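Architecture and fold: a report
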Amino acid sequence: MAQLMGDHPHEQTHMPSRRLWTGWAGLLAQVERMTRRSDSEDLLHDAYVRMAARPERPDNEEAFLVRAAVNRARDSYRREKVRGPAGGEDALALLRDGAPLQDEALMAQARLRRVSEGIDQLPPRTREVFLLQRIDNLKYREIAERLDISQSAVEKHMARAMSFLGEWTKDW
């Protein structure tokens, strides 16, 4: 049974029973499994607060908490489906401009020019292998077949290109 704390009636709060307190992790796991939501702990806590505010305790506190948390998750899901996410952080994300800042865009353009210059410095076959892999997204095996070279040669060209470009852009 729950214990009461506080001297004044308005200060009295229900404390969870030892059985309920020791089983909290199990209740949380059950709510997480049933709701598949990241806010399961909040849902369970809200259910506990609602239970503690009731004048009489339910016969089966654990079952009440799980059912109340699952119902709360269902209500939240329905509300989010109609209105969208309600979190303040989500609302701020809607206001945030996703475009990079002007100085970030200028730096990215400068880095891209530097990498492009580095690619131009690669030997022709190494450049071709690098571009086929990075731009055309071909697998090493596909590049080897297309250029009629071994897969090992493709790997060596890629290693050479990556090493050179890493050095080329090291101070950028």
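Residues numbered from 1 in each chain as written. Predicted model: local features only at pLDDT ≥ 70, side-chain atom pairs only at ≥ 80, totals over all residues. Heavy atoms only, no water.

A separate point is the overall build of the chain. A count of helices and strands for the chain gives 9 helices and 2 strands. If you list the helices and strands of the chain from N to C, you get β-β-α-α-α-α-α-α-α-α-α. Looking at the chain residue by residue over its 172 residues, the buried ones come to 27%. In the chain, 49% of the contacts between residues at least 6 apart in sequence involve partners at least 24 apart. (Helix = DSSP H or I, 4+ residues; strand = E, 2+ residues; numbered from the N terminus. Buried < 20%, exposed > 50% of the residue type's maximum accessible area, 1.4 Å probe, protein only. Contact = heavy atoms within 4.5 Å.)

Counting residues in hydrophobic clusters, the biggest one holds 16 residues, and the most contacted among them are Leu44, Tyr48, Leu65 and Ala69. Those elements giving two or more residues to this core turn out to be helix H2 (24–35), helix H3 (40–53) and helix H4 (61–83). If sequence neighbours within four positions are ignored, Leu44 has contacts with Trp24, Leu27, Leu28, Val31, Leu65 and Ala69. If you look at the next biggest cluster of nonpolar residues, it comprises 13 residues, including Leu138, Leu147, Met158 and Ala161. (Core = buried A, V, L, I, M, F, W, Y, C linked by side-chain atoms within 4.5 Å.)

With that settled, consider the packing of aromatic side chains. This structure, assessed with the given rule, holds 1 aromatic pair. Consider the rings of Phe164 and Trp168, whose centres lie 5.6 Å apart with planes at 25°: the pair is stacked. Here the residue Phe164 and the residue Trp168 both occupy positions in helix H9 (residues 151–168), the gap between them amounting to 4 residues, near one helical turn. A relative accessible area of 21% places Trp168 in the partly exposed class. Positioned above the aromatic ring of Trp168 is the side chain of Arg114, whose terminal nitrogen or guanidinium carbon lies 4.1 Å from the ring centre. (Phe/Tyr/Trp six-rings, centres within 6.5 Å; stacked < 30°, edge-to-face > 60°. Lys NZ or Arg CZ within 6 Å of the ring centre and 35° of its normal.)

In this section: helix H6 (residues 102–121). With 20 residues, H6 ought to run about 28 Å at 1.5 Å a step, and its terminal C-alpha atoms sit 29 Å apart, in line with that. Along H6, the residues classified as buried are Ala110, Gly118 and Ile119. The elements touched by buried residues of H6 are helix H7 (124–134) and H9. (Expected span 1.5 Å × (residues − 1).)

Another point: the packing of H7 against H9. Interhelical geometry of H7 versus H9 gives an angle of 90° and a closest axis separation of 9 Å. By the criterion of interaxial angle, the relationship of H7 to H9 is roughly perpendicular. Residues Arg125, Thr126, Val129, Phe130, Gln133 and Arg134 of H7 form the contact with H9, whose participating residues are Val154, His157, Met158, Arg160, Ala161, Met162 and Leu165. Here the residues of the contact of H7 with H9 sort into 7 nonpolar, 3 polar and 3 charged. (Axes fitted to C-alpha atoms, helices over the stretch in contact; angles between N-to-C directions. Parallel < 35°, antiparallel > 145°, perpendicular 65-115°, else oblique. Nonpolar A, V, L, I, M, F, W, Y, C, P; charged D, E, K, R; others polar.)

Okay, the pattern of salt bridges next. Pairing of side chains with opposite charge becomes possible as their charged atoms draw close. Here the structure, examined in full by the defined rule, presents 5 salt bridges. Ionic pairing is found between Arg72 and Asp46, a salt bridge with its closest N-O pair at 3.5 Å. Here Arg72 is found in helix H4, whereas its partner Asp46 is found in helix H3, with 26 residues between them in sequence. The exposure class assigned to Arg72 is partly exposed, which follows from its relative accessible area of 31%. (Salt bridge = Lys/Arg side-chain N within 4 Å of Asp/Glu carboxyl O.)

Take the side chain of His157 next. Examined against the element boundaries, His157 turns out to sit in helix H9. Taking the relative accessible area as the measure of exposure, His157 reaches 14% and is therefore buried. There is a polar contact of 2.9 Å between the side chain of His157 and the side chain of Thr126. Each residue touching His157, except ones within four places of it in the same chain, is listed here: Arg125, Thr126, Val129 and Ile149. (Polar contact = N/O pair within 3.5 Å; in protein donor to acceptor, adjacent residues only side chain to side chain.)

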